[in-house]
Amino acid sequence: MRTIQELQASIARLKQESDVCILAHSYQSPDILEAADVTGDSYQLSVSARQSNCKRLLVCGVRFMAETAKLLNPDKDVFEANPEAGCPMAEQFTPEQILAEKAKYPDCAVVAYVNTTAAIKAVSDVCVTSSSALQIVKAMPQTDILFIPDCNLGAYVQAHCPEKRIHLVQGGCPYHGAITLEEVLAAKQAHPNALLLVHPECNPKISAMADFVGATSNIMRYAKESDAEEFLIGTEISIVMHLSMACPDKRFYPMASRLICPDMRVTTLADVERVLREIADGSAAAVTLPVAVSQGARHSLEQMLCYGNG
Ligand code: 13P
Ligand code: SF4
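Residues numbered from 1 in each chain as written. Chains lettered and ligands numbered in written order. Predicted model: local features only at pLDDT ≥ 70, side-chain atom pairs only at ≥ 80, totals over all residues. Heavy atoms only, no water.

Draft legend 1. Spatial organisation of the site of ligand 1. Taken together, His25, Tyr27, Asp41, Ser42, Tyr113, Asn115, Ser130, His176, His199, Glu201, Ala215 and Thr216 form the complete shell of residues around ligand 1. Measuring from an oxygen atom of ligand 1, one finds a side-chain N or O atom of His25 at 2.6 Å. Between Thr216 and ligand 1, the recorded distance is 2.5 Å, taken from a side-chain N or O atom to an oxygen atom. Protein coverage of the free-state accessible area of ligand 1, which is 300 Å², stands at 95%. (Near = heavy atom within 4 Å. Polar contact = N/O pair within 3.5 Å; in protein donor to acceptor, adjacent residues only side chain to side chain. Areas by Shrake-Rupley, 256 points an atom, 1.4 Å probe, with all protein chains shown as cover.)

Draft legend 2. Geometry of the site of ligand 2. Residues in close proximity to ligand 2 include Cys87, Pro88, Met89, Asn115, Cys173, Tyr175, His176, Glu201 and Cys261, which together make up its full environment. Here the shell around ligand 2 is composed, by residue class, of 6 nonpolar, 2 polar and 1 charged. (Nonpolar A, V, L, I, M, F, W, Y, C, P; charged D, E, K, R; others polar.)

Draft legend 3. Local environment of the environment of Arg251. Counting through the fold element by element, Arg251 comes out in strand S12 (residues 251–254). A residue is classified by how much of its surface remains accessible, and Arg251, at 51% relative accessible area, is exposed. Distance in space between the C-alpha atoms of Arg251 and His199 is 19 Å, their sequence separation being 52 residues. Sequence-distant contacts of Arg251, that is, excluding residues within four places in its chain, are made with Glu229, Glu230 and Phe231. (Helix = DSSP H or I, 4+ residues; strand = E, 2+ residues; numbered from the N terminus. Buried < 20%, exposed > 50% of the residue type's maximum accessible area, 1.4 Å probe, protein only. Contact = heavy atoms within 4.5 Å.)

Draft legend 4. Spotlight on the packing of aromatic side chains. Here the structure, examined in full by the defined rule, presents 2 aromatic pairs. On the basis of an interplanar angle of 20° and a centroid distance of 4.5 Å, the ring pair of Phe212 and Tyr222 is categorised as stacked. Of the two residues, Phe212 is situated in strand S10 (residues 212–213) and Tyr222 in helix H11 (residues 216–225); the sequence distance between them amounts to 10 residues. The partly exposed category is assigned to Phe212, whose relative accessible area is 21%. Judged by its relative accessible area of 28%, Tyr222 falls in the partly exposed class. Between the aromatic rings of Phe231 and Phe252, the centroid separation amounts to 5.2 Å while the plane-to-plane angle is 15°, which identifies the pairing as stacked. Taken together, the residues Phe231 in strand S11 (residues 230–234) and Phe252 in strand S12 connect sequence positions 21 residues apart. (Phe/Tyr/Trp six-rings, centres within 6.5 Å; stacked < 30°, edge-to-face > 60°.)

Draft legend 5. The arrangement of the sheet that holds S10 in detail. Pairing is parallel in the open sheet, where 4 strands are placed in the order S10-S9-S11-S12. On the outer flanks of this sheet lie S10 and S12, each paired with one strand and no other. (Pairing = 2+ DSSP bridges.)

Draft legend 6. Spotlight on H11. Inspection of H11 places Thr216, Ser217, Ile219, Met220 and Ala223 among the buried residues, and these make up the whole buried set. Taken end-on, H11 shows its buried residues confined to a sector of 160°, consistent with a single buried face. (Arc of directions from axis to C-beta.)

Draft legend 7. Spotlight on the environment of Asp31. By the secondary structure assignment, Asp31 is in helix H2 (residues 30–35). In this view, Asp31 contacts Ile4, Gln8 and Leu269; residues no more than four positions away in its chain are not counted. One polar contact links Asp31 to Ser29, side chain to side chain, over a distance of 2.5 Å.

Draft legend 8. Up close: the packing of H11 against helix H12 (residues 238–246). It is the contact of H11 with H12, at a shortest axis distance of 11 Å, that shows an interaxial angle of 35°. Relative to H12, H11 is oriented so that their crossing is right-handed. Judged by residue contacts, Thr216, Met220, Ala223 and Lys224 of H11 engage Ile239, His242, Leu243 and Ala246 from H12. Partitioned by chemical class, the residues of the contact of H11 with H12 number 5 nonpolar, 2 polar and 1 charged. (Axes fitted to C-alpha atoms, helices over the stretch in contact; angles between N-to-C directions. Left-handed = near helix turned anticlockwise from the far one by under 90°.)

Remember, this is a structural readout, not a statement about activity or role.
Following this line, the structure appears as structure tokens:
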């Protein structure tokens, strides 16, 4: 049996030999994050994918993140560490359903959360991530916005952007969105001194009672910089572990211990090493996207990066 250190050493050698940049979402396990070149939330990974000088990209996260990296780097070979890792929210609507919804609001712009398939991005005007959604919607010229697919993130944007009319569809994260107010109240009662830090994919009633609402990286930054000593973490449970490792003098508790994304857990360090060996021997399958959707999807992502820099 190989140790974590042996796998990480093999990964370091293989990625250098094949000129691969490893991008890992913050929900991945610590052994993968240690082996990665770039870690962060969806927005940070998108920006880094665009900036990398490597010939190849290997994404540890879920499928839409690998698709995003490919769309932003059409000339690079992009690989997913485990192709079974998808995001259920990304698959909740078909392009036809979104176009039918759009027809109800003739002057609206379609704003797609980046947690969508390339086909959905292709029928959207601009993509957003949880860290950039508010800034981008505020900066857009349109008053009517069809926000897809996460109704909780859309409601969060509406609450902080009253000058816009945000039209929602009933989609969302099956894990963040399933946490109930009662569970959070029980967690607060168990840890009365803890600050509540919440991802905007959670129910708006939970976001409304949070001390801080933000994307994964913003939650982590807030916890690290805060003078407080205890925190309830309202996002995927991996962040409790990462923060506990980063801040040994602080205490972190899950807002709900069932807030686990199985798709983010499916990728292992052994997968990363295996795909790198397959890249080296030419047998790895790179991410491919239908030409018919790539151009429109890329445009929506490029709009996101333009607004995000603004
Ligand atoms: P971030 O935008 O915070 O990376 O979130 C992605 C995600 O899938 C949250 O569930
Ligand atoms: Fe998708 Fe939810 Fe998992 Fe994020 S936590 S990848 S939104 S299913």
